[in-house]
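Observations on chain architecture
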Amino acid sequence: RKEVEQDPGPFNVPEGATVAFNCTYSNSASQSFFWYRQDCRKEPKLLMSVYSSGNEDGRFTAQLNRASQYISLLIRDSKLSDSATYLCVARKSNSGYALNFGKGTSLLVTP
Amino acid sequence: DAGVIQSPRHEVTEMGQEVTLRCKPISGHDYLFWYRQTMMRGLELLIYFNNNVPIDDSGMPEDRFSAKMPNASFSTLKIQPSEPRDSAVYFCASSLDYEQYFGPGTRLTVT
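Residues numbered from 1 in each chain as written. Chains lettered and ligands numbered in written order. Predicted model: local features only at pLDDT ≥ 70, side-chain atom pairs only at ≥ 80, totals over all residues. Heavy atoms only, no water.

Contacts between chain B and chain A engage 22 residues on the former and 19 residues on the latter. Here chain B meets chain A over a buried area of about 1,700 Å², counting both sides, of which 55% is carbon and sulfur. Across the contact surface, chain B and chain A share zero salt bridges. Counting across the chain B and chain A interface gives four residue pairs in polar contact (both at pLDDT 80 or more). Sorting the residues of the side of chain B that touches chain A by element identifies β4 (31–38) and β5 (42–50) of chain B as the ones contributing at least two each. (Contact = heavy atoms within 4.5 Å. Buried area = accessible area lost by both parts, 1.4 Å probe. Salt bridge = Lys/Arg side-chain N within 4 Å of Asp/Glu carboxyl O. Polar contact = N/O pair within 3.5 Å; in protein donor to acceptor, adjacent residues only side chain to side chain. Helix = DSSP H or I, 4+ residues; strand = E, 2+ residues; numbered from the N terminus.)

What follows is about the side chain of Gln38(A). The topology assignment puts Gln38(A) in strand β4 (residues 33–38). Here Lys42(A) takes part through its backbone oxygen, which lies 2.8 Å from a polar atom of the side chain of Gln38(A). At a separation of 2.9 Å, a polar atom in the side chain of Gln38(A) contacts the side chain of Gln37(B). Ignoring sequence-local partners within four residues, the contact set of Gln38(A) consists of Glu43(A), Pro44(A), Ala84(A), Thr85(A), Leu87(A), Gln37(B) and Phe91(B).

On to the state of the cysteines, then. Residue and element names in this part refer to chain A. Counted according to the given criterion, the structure contains two disulfides over all chains. The disulfide partner of Cys23 is Cys88, and the S-S distance across this bridge is 1.8 Å. Placement of Cys23 in strand β3 (residues 19–25) and of Cys88 in strand β9 (residues 84–91) is noted, with a sequence separation of 65 residues between them. Here Cys23 matches Cys88 in class, with each residue buried. (Disulfide = S-S within 2.5 Å. Buried < 20%, exposed > 50% of the residue type's maximum accessible area, 1.4 Å probe, protein only.)

To continue, consider the sheet that holds strand β7 (residues 65–71) of chain B. Residues and elements named next belong to chain B. Taken together, four strands build an open sheet; the order of strands is β1-β3-β8-β7 and the sheet is antiparallel. Only two strands of the sheet have a single partner each, and these edge strands are β1 (5–7) and β7. If you compare each strand with its neighbour and ignore which way they point, the axes differ by 15 degrees on average. In this structure, strand β3 (residues 19–24) lies alongside strand β8 (residues 74–79), joined through five bridges in antiparallel fashion. In the sheet register, Leu21 faces β8, and the bridge partner there is Leu77. (Pairing = 2+ DSSP bridges. Axes fitted to C-alpha atoms, helices over the stretch in contact; angles between N-to-C directions.)

To continue, consider the side chain of His29(B). All names here are of chain B. Examined against the element boundaries, His29 turns out to sit in the loop between β3 and β4. Judged by its relative accessible area of 13%, His29 falls in the buried class. Here the side chain of His29 touches Ser95 through a polar contact of 3.3 Å, landing on its backbone nitrogen. Those residues in contact with His29 that sit more than four places away from it in its chain are Ser94, Ser95, Leu96 and Tyr101.

Residues and elements named next belong to chain B. With the rule as written, the count across this model stands at twelve salt bridges over all chains. A salt bridge links Lys78 to Glu18; the nearest nitrogen and oxygen atoms lie 3.8 Å apart. Here Lys78 is found in strand β8, whereas its partner Glu18 is found in the loop between β2 (10–13) and β3, with 60 residues between them in sequence. Accessibility expressed as a relative area gives 30% for Lys78, which makes it partly exposed. The salt bridge partner of Arg36 is Glu44, with a shortest N-O separation of 3.5 Å. This pair shows no difference in class: Arg36 is buried, exactly as Glu44 is. What you see here is one network of salt bridges that share partners, running through Glu62, Arg64, Glu83, Arg85 and Asp86.

This is a description of form; function is not addressed.
Right, here's the structure in full:
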């Protein structure tokens, strides 16, 4: 069982829709969390960090629930360019900056 | 900055052959990570280095895999002998902190 679990999707949504992804992590000692974005046949890139208090970056909002070991990403007003795979990531505890990646959730935004 | 550079971008080889993947991290980054990505298992951390020293190689699948970092600007991942189940995309990433910058990956096919 992977330490970070995500619904693989795909999520097919129309342009302008709001979509939410969730993931769970199994290691309660994990300290830091992130969302990475990976376009088809490209490398992953950092989208945003996830803070306990929740954080927002434009149309993107990330939230962390430590009690439930649950992380979410909300995308408002979806654009065609948001189509990608979104990887939920937890920093490994006691392991420098090594990261555990979920398998990703696929999003397709359609016209 | 050129970003993380990996070579080759594509490699097709026959079972039993030796494969060497190469990575040049971003200048000044002191962490270097090797990952393998497959549809079945997602993105898996194989090994990482800090200041050229291997810190955690627990993700290396077996003795056929080895990695070196002879200096701050170069690392190799070697598979000898290669097997069809090694077919995957291999990413190298470097970082100063939690934000990892990935190279474009090497797509390895072992026939």
